[in-house]
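Structure at a glance
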Amino acid sequence: MMSPHKKYGTDTIAVHGGRDPDAFHGVVNTPVYHASTFIFKSVEQLIETRRDRASGAFEQFTYGREGTPTTRALEDVVTQLEGGYRAVVASCGLGAIVASLTAFLSAGDHLLIIDSLYGPVRDFCESFLKRFGVEVTYFDPSLGADVAHLFQANTKVVYLESPCSLTFEMVDVPAIAKAAKARGITTIMDNTWASPFCFQPLKHGVDVSIHAATKYISGHSDLMLGIAVCTEEAFIPVKKTASGSGYCGGPDDVYMALRGLRTLPLRIKRHQETATLIAKWLQTRPEVARVMYPALPDDPGHAIWKRDFNGASGLFGAVLKPFSDQQLAAMLDNMDLFQMGYSWGGYESLIVPTWPATLRSAKPWTEPGPALRIHAGLEDPDDLIRDLERGFARLAGV
Ligand SMILES: *Cc1c(COP(=O)(O)O)cnc(C)c1O
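Residues numbered from 1 in each chain as written. Predicted model: local features only at pLDDT ≥ 70, side-chain atom pairs only at ≥ 80, totals over all residues. Heavy atoms only, no water.

Remarks on the pairing of strand S10 (residues 350–354)
For a regular strand, the rule is simple: side chains alternate between the two faces of the sheet. Counted residue by residue, S10 has 5 buried out of 5 residues, so it is predominantly covered. By the alternation rule, side chains of S10 split into Leu-350, Val-352 and Thr-354 and Ile-351 and Pro-353, which are all buried. Two strands pair when backbone bridges link them, and S10 and strand S11 (residues 371–375) are joined in this way by 5 bridges, in the antiparallel orientation. By the bridge assignment, Pro-353 is partnered in S11 with Leu-372. (Buried < 20%, exposed > 50% of the residue type's maximum accessible area, 1.4 Å probe, protein only. Helix = DSSP H or I, 4+ residues; strand = E, 2+ residues; numbered from the N terminus. Pairing = 2+ DSSP bridges.)

Considerations on the site of the ligand
Taken together, 13 residues lie near the ligand, and Gly-93, Leu-94, Asp-190, Thr-214 and Lys-215 sit nearest. A distance of 2.5 Å is found between an oxygen atom of the ligand and a side-chain nitrogen or oxygen belonging to Thr-214. Within the side chain of Trp-344, a nitrogen or oxygen atom sits 3.4 Å from an oxygen atom of the ligand. When isolated, the ligand has an accessible area of 380 Å², and the protein chains bury 94% of it. In terms of residue count, the dominant contributor to the shell around the ligand is helix H4 (residues 93–104) (3 residues). Among the residues making up the shell around the ligand, the classes are represented as 7 nonpolar, 3 polar and 3 charged. (Near = heavy atom within 4 Å. Polar contact = N/O pair within 3.5 Å; in protein donor to acceptor, adjacent residues only side chain to side chain. Areas by Shrake-Rupley, 256 points an atom, 1.4 Å probe, with all protein chains shown as cover. Nonpolar A, V, L, I, M, F, W, Y, C, P; charged D, E, K, R; others polar.)

Brief notes about the sheet that holds strand S8 (residues 288–292)
The strand order across the open sheet formed by 4 strands is S8-S9-S11-S10, and the pairing between neighbours is antiparallel. Each end of this open sheet is capped by a strand with a single partner; those strands are S8 and S10. On average, each strand axis in the sheet is tilted by 20° relative to the strand beside it, whichever way the strands run. Here 5 bridges tie strand S9 (residues 315–320) to S11, and the two strands are oriented antiparallel to one another. Looking at S11, one finds that Leu-315 is bridged to His-375. The strands touched by helix H10 (residues 264–283) are S8, S9 and S11; relative to S9, the strand with the most contacts, the crossing angle is about 10°. (Axes fitted to C-alpha atoms, helices over the stretch in contact; angles between N-to-C directions. Contact = heavy atoms within 4.5 Å.)

Side note on the packing of H4 against helix H5 (residues 119–129)
It is the contact of H4 with H5, at a shortest axis distance of 11 Å, that shows an interaxial angle of 45°. Of the possible angle classes, the one that applies to H4 and H5 is oblique. Crossing of H4 over H5 shows right-handed handedness. Every residue of H5 that contacts H4 at Leu-94, Ile-97, Val-98, Leu-101 and Thr-102 is listed here: Pro-120, Val-121, Phe-124 and Leu-129. (Parallel < 35°, antiparallel > 145°, perpendicular 65-115°, else oblique. Left-handed = near helix turned anticlockwise from the far one by under 90°.)

Structural notes on the side chain of Asp-140
You can see Asp-140 is positioned in the loop between strand S3 (135–139) and strand S4 (155–161). The side chain of Asp-140 sits in the buried core without any salt bridge; Lys-363 is the nearest counter-charge, 4.1 Å away. In this structure the side chain of Asp-140 is engaged in a polar contact, spanning 2.8 Å, whose partner is the side chain of Ser-142. Among all residues touching Asp-140, those that are not within four sequence positions of it are Ala-362 and Lys-363. (Lys, Arg positive; Asp, Glu negative; His and termini not counted. Salt bridge = Lys/Arg side-chain N within 4 Å of Asp/Glu carboxyl O.)

Description of the domain arrangement of the protein
Along its sequence, the protein is organised into domain 1 (10–261) and domain 2 (264–397). Computed from C-alpha atoms alone, the centre-to-centre distance between domain 1 and domain 2 is 28 Å. Contacts between domain 1 and domain 2 engage 41 residues on the former and 39 residues on the latter. Interface area, domain 1 with domain 2, both sides summed: about 3,400 Å², of which 62% is carbon and sulfur. Counting across the interface, domain 1 meets domain 2 through 3 salt bridges. A salt bridge links Lys-269 to Asp-11; the nearest nitrogen and oxygen atoms lie 3.2 Å apart. Joining domain 1 to domain 2, the criterion identifies 22 residue pairs in polar contact (both at pLDDT 80 or more). Going through the elements one at a time, helix H1 (10–16), H5, S3, helix H7 (195–198) and helix H9 (251–262) are the ones with two or more residues in the side of domain 1 that touches domain 2. (Domains from an automatic or database assignment. Buried area = accessible area lost by both parts, 1.4 Å probe.)

Structural notes on a nonpolar patch on the surface
On the surface, Val-43, Leu-46 and Ile-47 cluster together into a nonpolar patch covering about 250 Å² of accessible area. The topology assignment puts Leu-46 in helix H2 (residues 43–54). Looking at Leu-46, the relative accessible area reads 34%, which means it is partly exposed. (Patch = residues over 30% accessible without salt bridge, like charges linked within 9 Å, V, L, I, M, F, W, Y side chains within 5 Å.)

What about the packing of aromatic side chains?
Taken as a whole, this structure holds 10 aromatic pairs when the rule is applied. Taken together, a centroid distance of 5.6 Å and an interplanar angle of 25° make the contact between Phe-124 and Phe-128 stacked. Taken together, the residues span about one helical turn, with Phe-124 and Phe-128 both in helix H5 at a distance of 4 residues. With a centroid separation of 4.3 Å and an interplanar angle of 5°, the aromatic rings of Phe-199 and Phe-309 are classed as stacked. Of this pair, Phe-199 sits in the loop between H7 and strand S6 (208–212) while Phe-309 sits in the loop between helix H11 (302–308) and S9, and the two are 110 residues apart along the sequence. Phe-309 carries the same exposure label as Phe-199, and that label is buried. Through successive ring pairs, a cluster of aromatic residues spans Phe-58, Tyr-85 and Phe-235. If you follow Arg-122 out to its NZ or CZ, it ends over the ring of Tyr-138, 4.1 Å from the centre. (Phe/Tyr/Trp six-rings, centres within 6.5 Å; stacked < 30°, edge-to-face > 60°. Lys NZ or Arg CZ within 6 Å of the ring centre and 35° of its normal.)

Here is the structure:
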């Protein structure tokens, strides 16, 4: 077992974190616990678990919704990877986001939220938060510390995503988190793109770092799960809100996410290598107006990415020159290896057309051509490039 007194690298933590074979008859993996009910031996023990909960410790297992040893194993390893205090597993990424936002926001409060954010979170703000009396302001992702000019007396949360998963703008996370902290404002960040291996938000001043474990952590496109890694101050509100709102992960999903995480350091490096090859190839293509991938040296977000991140994942975007929907369909309807589908972070390559203009309010999206979002999977990179090359030939042929 890893010693709490030694410092380990992230690859080592991915292998050994959240595992204790001695506690499970020598079994390598923490077993999957199917449990709603935990039996108490005595009234004293039952009272003790009530005390544990009331104090906000949440150390003991009391009821399936609040977690099992399998849940705790996943929470522990992701917490160690990101340098957090504790983490909270939720039923999906959006559940972890909603639990984290509602943990810190009440009627009359103000939320400052990045304009380039994941669409369903914008829908949650518009359809629910506003209905419950929370004021929402979207801000330009290029603002950096100047976000402070938008702080109001009632601002309680700043919410970030960097890079965002459609347009890939990098955000100056440390500058924004520092400005927020100075005003006692909680910073929440969606860190799904980077995975715990490419960026550790809590080390840059963020209070809650969220992953759609549905994506890279699971890595196999077969489950829905979310996790919020918290500082000590943020843990109790997020844990209470997640469990009080009914967000919990299913036992098999939690187990499979743990299993996926063990090999993520290797997978993420390959995703980055292949994404870089494809992105550079796309830059040479006459059909492409611009590639959006902060790992490329000429990307506008490259300097921030290089300063703060340890790597990149395999998700990136490309804006095409103006083409018709028919041309786009000729390309995308007939791909061999790149499939069209939402989500990403699995072992397979995906491609979808995106419409960023419909998801902006603070900083309009003005690119005339259609945009693509590409997930570089673990296939042979040459096969993927040939697939895109044939796609462009079909597009040009219409
Ligand atoms: C998919 C995704 C989510 C939501 O996760 P689900 O598990 O699908 O609810 C949140 N943020 C980003 C960036 C995502 O890509």
